[in-house]
Amino acid sequence: MIQAMDAARRQGLQKDLRALAANIRADAQDRYNSSEPGWQAGVEWTLLWIENTASQLTENGS
């Protein structure tokens, strides 16, 4: 029972993280052309970190 609750919690957090990444990506794409050098790389690194974290939630918890 506890494992099922933990898995559901991890899946919910994973979904939230992926939604956050999608929102950041959508907001940032309009700004890429007018931003300072390096800004896009920082955003892409952050998105990659969020996606990797979301993936690890179910890999390590299932």
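Refer to the structure printed above.
We now turn to the structure provided with this report. Remember, it's a predicted structure, so these values are computed and weren't measured experimentally.

Parameters at a glance
- Residues numbered from 1 in each chain as written.
- Predicted model: local features only at pLDDT ≥ 70, side-chain atom pairs only at ≥ 80, totals over all residues.
- Heavy atoms only, no water.
- Helix = DSSP H or I, 4+ residues; strand = E, 2+ residues; numbered from the N terminus.
- Rg over C-alpha atoms; globule rule 2.2 N^0.38 Å.
- Buried < 20%, exposed > 50% of the residue type's maximum accessible area, 1.4 Å probe, protein only.
- Contact = heavy atoms within 4.5 Å.
- Areas by Shrake-Rupley, 256 points an atom, 1.4 Å probe, with all protein chains shown as cover.
- Lys, Arg positive; Asp, Glu negative; His and termini not counted.
- Charge placed at Lys NZ, Arg CZ, Asp CG, Glu CD.
- Expected span 1.5 Å × (residues − 1).

From N to C terminus, the protein chain includes 2 helices and 0 strands. Computed over the C-alpha atoms, the radius of gyration of the protein chain is 15 Å, more than 25% above the 11 Å expected from 2.2 N^0.38 for a compact globule of 62 residues. With the C-alpha coordinates of the protein chain rotated into their principal frame, the extents come out at 50 × 15 × 10 Å. Every one of the 62 residues in the protein chain was classed for burial, and the buried ones make up 16%. Considering only intrachain contacts with a sequence separation of at least 6, the fraction spanning at least 24 residues in the protein chain is 67%. For the protein chain, the exposed area adds up to about 4,900 Å²; of that, 53% sits on carbon and sulfur atoms. Of note, the protein chain has its 6 positive side-chain charges centred 8 Å away from the centre of its 8 negative side-chain charges.

Another point: helix 1 (residues 2–29). Compared with the 40 Å implied by 1.5 Å per residue over 28 residues, the 41 Å span of helix 1 between its first and last C-alpha is a close match. Inspection of helix 1 places Gln-14, Leu-17, Ala-21 and Ala-28 among the buried residues, and these make up the whole buried set.

Its location among the elements puts Ala-7 in helix 1. For Ala-7, a relative accessible area of 27% corresponds to the partly exposed category. Separated by 50 residues in the primary sequence, Ala-7 and Leu-57 place their C-alpha atoms 8.7 Å from one another.

Among the structural elements, Gln-14 can be located in helix 1. On the basis of relative accessible area, Gln-14 is assigned to the buried category, the value being 11%. Ignoring any residue separated from it by four or fewer positions in sequence, one finds Gln-14 in contact with Ala-54, Ser-55, Leu-57 and Thr-58.

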